[in-house]
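Spelled out from the first residue to the last, the chains are:
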Amino acid sequence: IGHRASALAWLRGTAGSRSFEAPQSLGADGTPLLVADFDADGVDEILVELPNAGGLRMIDGLGGGQFALFSTPGLVLVPGDDRLMANDFDGDGDLDIVVDALTGPGPVLYWIPNLLGFNFGASVTVDFGPSLNPVGPFVVGDFNADGHTDVAFGRLQTIFEQFTVWAEGLGGGAFAPVQDIGPSTASDRVFDLNGDGFDDLVWWGGLIGWFPGGPSGLQPMSIESLVPVANQQFPLGVADVDGDGLQDLMVWSPATGEVLGYRGNSATQTSFDPSPALVAARVALPFGGTDNVPALVDFGADGDLDLVAGQEQIPAWFENVARGPVGDAFCGPANPNSTGASSRILGVGSGDVAANDLTLRAIDLPANAFGFFIVSQTSQPATPVVSSSGLLCLDGDIGRYVGPGQIGSSGVSGSFFLELDLTTIPQPLGFVAAQPGSTWHFQAWHRDSSPAGPTSNFTDGLRVTFE
């Protein structure tokens with residue numbers, strides 16, 4: 001965020017609550033242009049334009065809330081650039097900068113190769129053929145799921161006719177000849193609407209429709225709206241927002257400022273309830289955003305998508321209450337780990353056995369620490385463990401989640417999670433199912449370090465009484 005004039009700062013979220021720590025400086029002033037993992041280390045960087053024509057710099061995310069400022073040799077943006085995108089345009093495994101330039105020299109699409117080390121090559125304008133008359137906007141996706149970036153955009157046929165076209169990516173920044181797929185639309189979004197693994201082109205104008213992706217790329221589709229539209233509505237994306245196992249369509253109306261949700265009512269993911277639910281009102285353009293629409297992200301880190309936007313010119317987020325915190329903490333705080341913090345365990349989802357929707361999260365761990373969750377119906381006061389720096393909160397028959405895919409690593413975020421199957425809770429003599437009214441206790445064990453050498457540690461405990 002911007003903080004105190006043009007200074008840039010970030011706010012660390014406080015786990016298990018809606019609060020944030022005090023703003024911390026990112027070590028630079030200016031305007032953030034693009035956020036992406038340009039050095040492929042698992043932590044995002046921020047491309048910043050310095051004030052007073054001071055050029056471009058990269059704020060390198062180092063993990064653990066640490067940042068460093070680097071110059072960007074060779075990176076030059078043409079004045080008038082409208083939209084920047086991070087995409088592995090040449091297929092070499094790192095993110096390049098793709099520019100949809102609708103003003104200045106536009107409309108053109110050009111890309112800037114990432115040479116690593118925050119070095120960038122000369123910009124390359126994409127040539128889609130002579131006399132094409134592109135009108136933009138340009139959007140990118142993998143419409144045939146072949147691992148290469150494809151491009152879709154509008155082109156001018158005559159003064160009265162516009163068409164939507166797509167060009168298949170061949171790798172290395174090269175493209176096949178463009179193919180017409182239908183009338184041009186006001187704007188387009190790329191996401192997998194029907195969950196088949198192919199990117200689709202979802203368009204909006206007076207209606208909301210789509211051109212489906214597939215093995216042969218984008219396919220023509222009849223011009224019919226996916227949902228009835230009273231005012232112009234911009235598609236934000238699809239997600240199972242209400243937790244019923246079906247994808248829902250989220251839209252935003254610039255005219256009314258409302259975010260609406262159309263509930264999915266078909267396993268094909270292309271049929272939606274015609275009556276939308278109001279998700280949020282008076283939503284404006286996002287603060288510091290690049291796509292000029294609200295964003296759907298798991299802002300509360302509870303396993304569901306929340307809405308982040310501006311509301312009455314202030315930053316705002318709207319929590320999705322479909323999934324919430326589950327259980328009560330006990331036996332804490334845990335002994336501090338090598339970071340100085342106490343590792344913690346959280347439960348999110350539902351305590352309803354029939355829903356079978358409980359996710360455990362271990363947070364505030366050292367980076368890149370392996371660990372797993374343990375479970376018992378019996379608890380005990382915090383008890384020291386031989387050869388460990390932590391305290392054990394469980395007693396009696398203790399099961400371990402160490403099956404295939406269940407051992408986690410905290411990575412650079414210092415956390416890992418596991419989605420539980422409540423019908424197969426591990427115990428020393430086999431698996432058992434949770435029953436309504438039963439109480440289970442959970443904890444996480446993880447690797448750690450100490451001045452004396454490698455060790456291990458534990459989170460605090462989580463007590464869940466199921467319904």
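Calculation criteria
- Residues numbered from 1 in each chain as written.
- Predicted model: local features only at pLDDT ≥ 70, side-chain atom pairs only at ≥ 80, totals over all residues.
- Heavy atoms only, no water.
- Core = buried A, V, L, I, M, F, W, Y, C linked by side-chain atoms within 4.5 Å.
- Buried < 20%, exposed > 50% of the residue type's maximum accessible area, 1.4 Å probe, protein only.
- Helix = DSSP H or I, 4+ residues; strand = E, 2+ residues; numbered from the N terminus.
- pLDDT = per-residue confidence, 0-100.
- Contact = heavy atoms within 4.5 Å.
- Polar contact = N/O pair within 3.5 Å; in protein donor to acceptor, adjacent residues only side chain to side chain.
- Pairing = 2+ DSSP bridges.
- Axes fitted to C-alpha atoms, helices over the stretch in contact; angles between N-to-C directions.
- Patch = residues over 30% accessible without salt bridge, like charges linked within 9 Å, V, L, I, M, F, W, Y side chains within 5 Å.
- Areas by Shrake-Rupley, 256 points an atom, 1.4 Å probe, with all protein chains shown as cover.
- Salt bridge = Lys/Arg side-chain N within 4 Å of Asp/Glu carboxyl O.
- Phe/Tyr/Trp six-rings, centres within 6.5 Å; stacked < 30°, edge-to-face > 60°.
- Lys NZ or Arg CZ within 6 Å of the ring centre and 35° of its normal.

1. Observations concerning the nonpolar core
Thinking step 1. By size, the foremost hydrophobic cluster in this structure holds 23 residues, and its most contacted members are Leu193, Ile208, Leu236, Leu249, Val259 and Phe272.
Thinking step 2. Contributions of two or more residues to this core are made by β18 (200–204), β19 (208–211), β20 (234–239), β21 (248–253) and β22 (258–262).
Thinking step 3. By size, the runner-up hydrophobic cluster in this structure holds 22 residues, among which are Val353, Leu358, Tyr401 and Ala434.

2. Thoughts on the confidence of the model for the protein
Thinking step 1. Across the protein, pLDDT averages 83, with 84% of residues at or above 70.
Thinking step 2. Taken as a whole, residues 286–292 scores under 50 in pLDDT and shows 17 contacts with residues more than four places along the chain or in a different chain.

3. Description of the environment of glutamine 443
Thinking step 1. Mapped onto the elements of the fold, glutamine 443 is located in strand β40 (residues 439–450).
Thinking step 2. For the pair glutamine 443 and alanine 329, spaced 114 residues apart in the sequence, the C-alpha separation amounts to 9.9 Å.
Thinking step 3. Once residues within four sequence positions are removed from consideration, glutamine 443 is found in contact with Ile345, Phe372, Phe373, Ile374, Leu391, Leu392, Cys393, Leu394, Phe458, Thr459 and Asp460.
Thinking step 4. Among the polar contacts made by the side chain of glutamine 443, one reaches the main-chain carbonyl oxygen of threonine 459 at a distance of 2.9 Å.

4. Quick word on the sheet that holds strand β16 (residues 179–183)
Thinking step 1. Spatially, the four strands line up as an open sheet ordered β11-β12-β13-β16, and their pairing is antiparallel. Edge strands, defined here as strands with exactly one partner in the open sheet, are β11 (139–141) and β16. Strand-to-strand twist in this sheet, taken as the mean axis angle between neighbours without regard to direction, amounts to 30°.
Thinking step 2. Two strands pair when backbone bridges link them, and strand β13 (residues 162–167) and β16 are joined in this way by four bridges, in the antiparallel orientation. The residue of β16 that forms the bridge with threonine 164 is glycine 182.

5. Some points on a nonpolar patch on the surface
Thinking step 1. Judged by side-chain polarity, Leu11, Phe20, Val297 and Phe299 come together as a nonpolar surface patch covering roughly 300 Å² of accessible area.
Thinking step 2. Tracing the backbone through its elements, the reader meets phenylalanine 299 in the loop between β25 (295–297) and β26 (306–311).
Thinking step 3. Residue classification places phenylalanine 299 among the partly exposed residues on the basis of a relative accessible area of 35%.

6. With respect to the pairing of β40
Where a strand is regular, its side chains alternate between the two sheet faces.
Thinking step 1. Sheet topology places strand β32 (residues 370–376) next to β40; six bridges connect them, and they run antiparallel. Bridging across to β40, serine 376 finds its partner in histidine 441.
Thinking step 2. Of the strand pairs in this sheet, β40 and strand β42 (residues 461–465) are connected by four bridges, and their pairing is antiparallel. In the strand pairing of β42, histidine 441 is matched with arginine 463.
Thinking step 3. Sheet analysis places β40 next to strand β41 (residues 453–458), joined by six bridges and oriented antiparallel. Paired with serine 449 across the bridge in β41 is proline 454.
Thinking step 4. Counting the residues between successive antiparallel strands, the hairpin from β40 to β41 contains two residues.

7. Details of the sheet that holds strand β7 (residues 83–87)
Pairing between the strands of a sheet is mediated by backbone hydrogen bonds and can be parallel or antiparallel.
Thinking step 1. Read across the sheet, four strands follow the order β7-β8-β9-β10 without closing on themselves; strand pairing throughout is antiparallel. Looking at the sheet topology across the chains shown, the edges are occupied by β7 and β10 (124–125).
Thinking step 2. Across five bridges, strand β8 (residues 96–101) lies against strand β9 (residues 108–112) in antiparallel orientation. Paired with valine 99 across the two strands is tyrosine 110, which belongs to β9.

8. Considerations on the packing of aromatic side chains
Thinking step 1. This model, assessed by the stated rule, comprises 12 aromatic pairs.
Thinking step 2. A ring pair is formed by phenylalanine 128 and phenylalanine 153, whose centres lie 4.8 Å apart and whose planes are at 45°; its orientation type is tilted. Taken together, the residues span a long stretch of sequence, with phenylalanine 128 in the loop between β10 and β11 and phenylalanine 153 in strand β12 (residues 150–156) at a distance of 25 residues.
Thinking step 3. The class for phenylalanine 128 is buried, based on a relative accessible area of 13%.
Thinking step 4. Where phenylalanine 143 meets tryptophan 166, the ring centres are 6.3 Å apart and the plane angle is 90°; that geometry is what we call edge-to-face. Placement of the pair is phenylalanine 143 in the loop between β11 and β12 and tryptophan 166 in strand β13, with a sequence separation of 23 residues.
Thinking step 5. Relative accessible area serves as the criterion here: at 0%, phenylalanine 143 is assigned to the buried category.
Thinking step 6. The buried category is assigned to tryptophan 166, whose relative accessible area is 0%.
Thinking step 7. Three or more aromatic residues joined by ring pairs form one cluster here, namely Phe89, Trp111, Phe128, Phe138, Phe153 and Phe175.
Thinking step 8. In this arrangement the basic side chain of arginine 463 is found over the ring face of phenylalanine 330, its NZ or CZ atom lying 4.4 Å from the centre.

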